[in-house]
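One-letter residues, chain by chain:
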Amino acid sequence: MKYMISVFVGAASYGVLSTFVVLAYGEGYKLGEVVGSQLMIGFLLSWLFATYIERKQRRSEESGSAGKRTGAGGVKQNLQRLSWKTRLLLMAAGLPTAITGLVYYHSLRYIPASLAILLLFQFTWIGVLVQCIRQKKRPNRAIVTTLVILLGGTILAAGIMEQGGGSFHPLGVTLGFLAAISYTMFILFSGNAAPEVPPATRSKWMMAGGMTFVFILFPPEFLWNGDLFSSLFLFGTLLGLFGAFIPPLLFAYGVPHIGEGMAGILGAAELPVAVLLSSIVLHEQVSWLQWAGVVIVLAGVAYPELIKLVRRNKRISSGVGA
């Protein structure tokens, strides 16, 4: 359960991003500045956290407790023996994080946030499809039912029924769908790239790769032109915390234990948070149909666990009856 909660919280953290991006665009900042400051702050936070974990393990060993605790010793060994091949692998695994931010944030220039979120949410079925192909088996009935519930709730929550299709800009739609694909790759790599490495260490090297990629595409002029010390620092800190630090760390911790398919389903937690914040912070009008969609999405997220709970209770009842 703790692994599912970690992925759920990580996905919910992504829900705040669209609101902050819209506010940053309103202040006149560009795509490269928004994504670059986000990944830079995320990288610094990840590196500081990993350094804290490493020093904590080192102090434990020096005090004699690490020798008695296999887990702590194992973490320290991984931190020390991380080869450059593994580091480069993790940096490459961090590229989908940067790509998702670039294409998703750029899509907000052409299409409404509600439509962009809907397109991003196609990762729910893409993730299940990828897992089915990798494992060479069909999804079970509970997963299919969950996807149907999520799809219906997402359409309502995104407000497509009210807005219609008049604002479907082709480039924006393409970018939104590409964000869904890259987000699926992020979930996939979070669970399969060097899973033996501690989550904090994996996260910092993934952030290093994402930041390097963005800085190559968009040189960080905000570092020397003074913009970093304006409101961009606030936006970069918020986006870095909720978009580049918390989710990769929690995904690196939880995804290897629950699989990409379930991680994709739990990722639906992003949508309710995005709708709620757009209503409270951006003062966007949210209809009762959209709120109904939010409730349906939450029900879809909870559905697999409810099925497990019902089955577990039936087994217990059967055992008692026997």
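Here the structure is a predicted model, which means the values were calculated and not measured. (Residues numbered from 1 in each chain as written. Predicted model: local features only at pLDDT ≥ 70, side-chain atom pairs only at ≥ 80, totals over all residues. Heavy atoms only, no water.)

Student: Explain the overall build of the protein chain residue by residue, including any values.
Tutor: When you go through the protein chain residue by residue, the secondary structure sums to 15 helices and zero strands. Looking at the protein chain as a whole, 52% of its 322 residues qualify as buried. Of the contacts formed within the protein chain by residues at least 6 apart in sequence, a portion of 88% connects residues at least 24 apart. Approximately 15,400 Å² of the protein chain is accessible, and the part contributed by carbon and sulfur atoms is 66%. (Helix = DSSP H or I, 4+ residues; strand = E, 2+ residues; numbered from the N terminus. Buried < 20%, exposed > 50% of the residue type's maximum accessible area, 1.4 Å probe, protein only. Contact = heavy atoms within 4.5 Å. Areas by Shrake-Rupley, 256 points an atom, 1.4 Å probe, with all protein chains shown as cover.)

Student: Tell me about the packing of helix α3 (residues 31-62) against helix α6 (residues 95-107), residues and numbers included.
Tutor: Relative orientation of the contacting elements α3 and α6 amounts to 145 degrees, with a least axis distance of 10 Å. For the element pair α3 and α6, the recorded crossing hand is right-handed. Residues L31, V34, V35, Q38 and L39 of α3 touch α6, and the partners they reach there are T97, A98, G101, L102, Y105 and H106. For the contact of α3 with α6, the per-class residue count stands at seven nonpolar, four polar and no charged. (Axes fitted to C-alpha atoms, helices over the stretch in contact; angles between N-to-C directions. Left-handed = near helix turned anticlockwise from the far one by under 90°. Nonpolar A, V, L, I, M, F, W, Y, C, P; charged D, E, K, R; others polar.)

Student: Which residues make up the nonpolar core, and what are the values?
Tutor: The biggest cluster of nonpolar side chains holds 85 residues, and the ones touching the most others in it are V34, L39, Y105, Y183, I187 and F251. The element contributing the most residues to this core is helix α13 (residues 231-266), with 10 residues. (Core = buried A, V, L, I, M, F, W, Y, C linked by side-chain atoms within 4.5 Å.)

Student: With reference to specific residues and values, describe the layout of surface pockets.
Tutor: A volume near 390 Å³ is recorded for the largest pocket. Along its surface, the largest pocket is lined by 19 residues, and Q131, P139, N140, I143 and M262 are the ones closest to its centre. Looking at the lining of the largest pocket, the elements with two or more residues in it are α8 (123-135), α9 (141-157), α13 and α15 (288-321). Split by residue class, the lining of the largest pocket holds 10 nonpolar, four polar and five charged. (1 Å grid on protein atoms, 1.4 Å probe; cavity = no way out; pocket = protein on both sides within 12 Å on 5 of 7 lines; lining within 4 Å. Points joined across faces, edges and corners; volume = space filled by probe spheres on them.)

Student: How would you explain empty space enclosed by the protein if you had to name every residue and give the values?
Tutor: For the coordinates displayed, the defined rule picks out three cavities of 30 Å³ or more. Here the largest cavity is characterised by a volume of approximately 120 Å³. If you trace the largest cavity, you find it lined by Y14, L17, Q38, T97, T100, G101, Y104, Y105, L120, Y183, G243 and E270. Looking at the lining of the largest cavity, the element that brings in the most residues is α6, giving five residues. Taken together, the residues that form the lining of the largest cavity break down as six nonpolar, five polar and one charged.

Student: Pulling in residues and values, what's your account of the packing of helix α2 (residues 17-26) against α6?
Tutor: Direction vectors running N to C along α2 and α6 enclose 65 degrees, while the axes themselves pass 10 Å from each other. Along this stretch, α2 crosses α6, giving a crossing that reads as right-handed. Of α6, the residues touching α2 (which contributes L17, S18, V21 and Y25) are Y104, Y105 and H106. When the residues that make up the contact of α2 with α6 are grouped by side-chain class, the tally is five nonpolar, two polar and no charged.

Student: An account of helix α12 (residues 199-217) is needed here, citing residue identities and associated values.
Tutor: Between the first and last C-alpha of α12 there are 27 Å, a value that for 19 residues agrees with the 27 Å anticipated at 1.5 Å per step. A large share of α12 lies buried, amounting to 14 of its 19 residues. (Expected span 1.5 Å × (residues − 1).)

Student: So, the pattern of salt bridges: which residues are in play, and what are the values?
Tutor: Where charged atoms from two side chains of opposite charge approach closely, those side chains can pair. Under the criterion given, the structure shown has one salt bridge. In this structure, E54 and R58 form a salt bridge, with 2.9 Å as the shortest nitrogen-oxygen distance. Within this pair, E54 and its partner R58 are both found in helix α3, separated by four residues, close to a single helical turn. (Salt bridge = Lys/Arg side-chain N within 4 Å of Asp/Glu carboxyl O.)

Student: Can you lay out the packing of aromatic side chains for me, pointing to particular residues and giving the numbers?
Tutor: In this description, an aromatic ring pair is defined by two values, namely the gap between the centres and the angle between the planes. All told, the structure shown has 13 aromatic pairs when counted by the stated rule. Relative to F245, the ring of F49 has its centre 6.0 Å away and its plane inclined at 80 degrees; by these criteria the two rings are edge-to-face. With a gap of 196 residues between them, F49 in helix α3 and F245 in helix α13 connect regions that are remote in the sequence. Considering the side-chain rings of Y183 and F186, the 6.0 Å spacing of their centres and the 35 degrees angle between planes classify their relative orientation as tilted. Residue Y183 and its partner F186 are both found in helix α11 (residues 170-192); the two are separated by three residues, about one turn of the helix. (Phe/Tyr/Trp six-rings, centres within 6.5 Å; stacked < 30°, edge-to-face > 60°.)

Student: Tell me about the side chain of S37, and name the residues and values.
Tutor: Note on placement: S37 falls in helix α3. Leaving out residues up to four positions away in the same chain, S37 has contacts with G32, F222, L232 and G236.

Student: Just give me the short version of the environment of A299, but keep the residues and values in it.
Tutor: Within the element layout of this structure, A299 appears in helix α15. A299 sits in the partly exposed class, given a relative accessible area of 41%. Distance in space between the C-alpha atoms of A299 and L150 is 8.3 Å, their sequence separation being 149 residues.

Student: Account for a positive patch on the surface, with residues named and values stated.
Tutor: Together, R141, R311, R312, K314 and R315 line one region of the surface with positive charge. Here the positive patch takes four residues from α15, the largest share from any one element. Summarising the element assignment, R312 is placed in helix α15. (Patch = residues over 30% accessible without salt bridge, like charges linked within 9 Å, V, L, I, M, F, W, Y side chains within 5 Å. Lys, Arg positive; Asp, Glu negative; His and termini not counted. Charge placed at Lys NZ, Arg CZ, Asp CG, Glu CD.)

Student: Provide a residue-level description of a nonpolar patch on the surface, including the pertinent values.
Tutor: A cluster of nonpolar side chains, namely W125, L129, I133, F177, L178 and I181, defines an oily patch on the protein surface of about 530 Å² accessible area. Counting residues per element, the ones that place at least two in the nonpolar patch are α8 and α11.

Student: Describe the side chain of R87, with residues and values.
Tutor: Structurally, R87 is set in helix α5 (residues 84-93). Once you skip the residues sitting within four places of it in the chain, R87 turns out to touch L82 and W205.

Geometry only, nothing functional implied.
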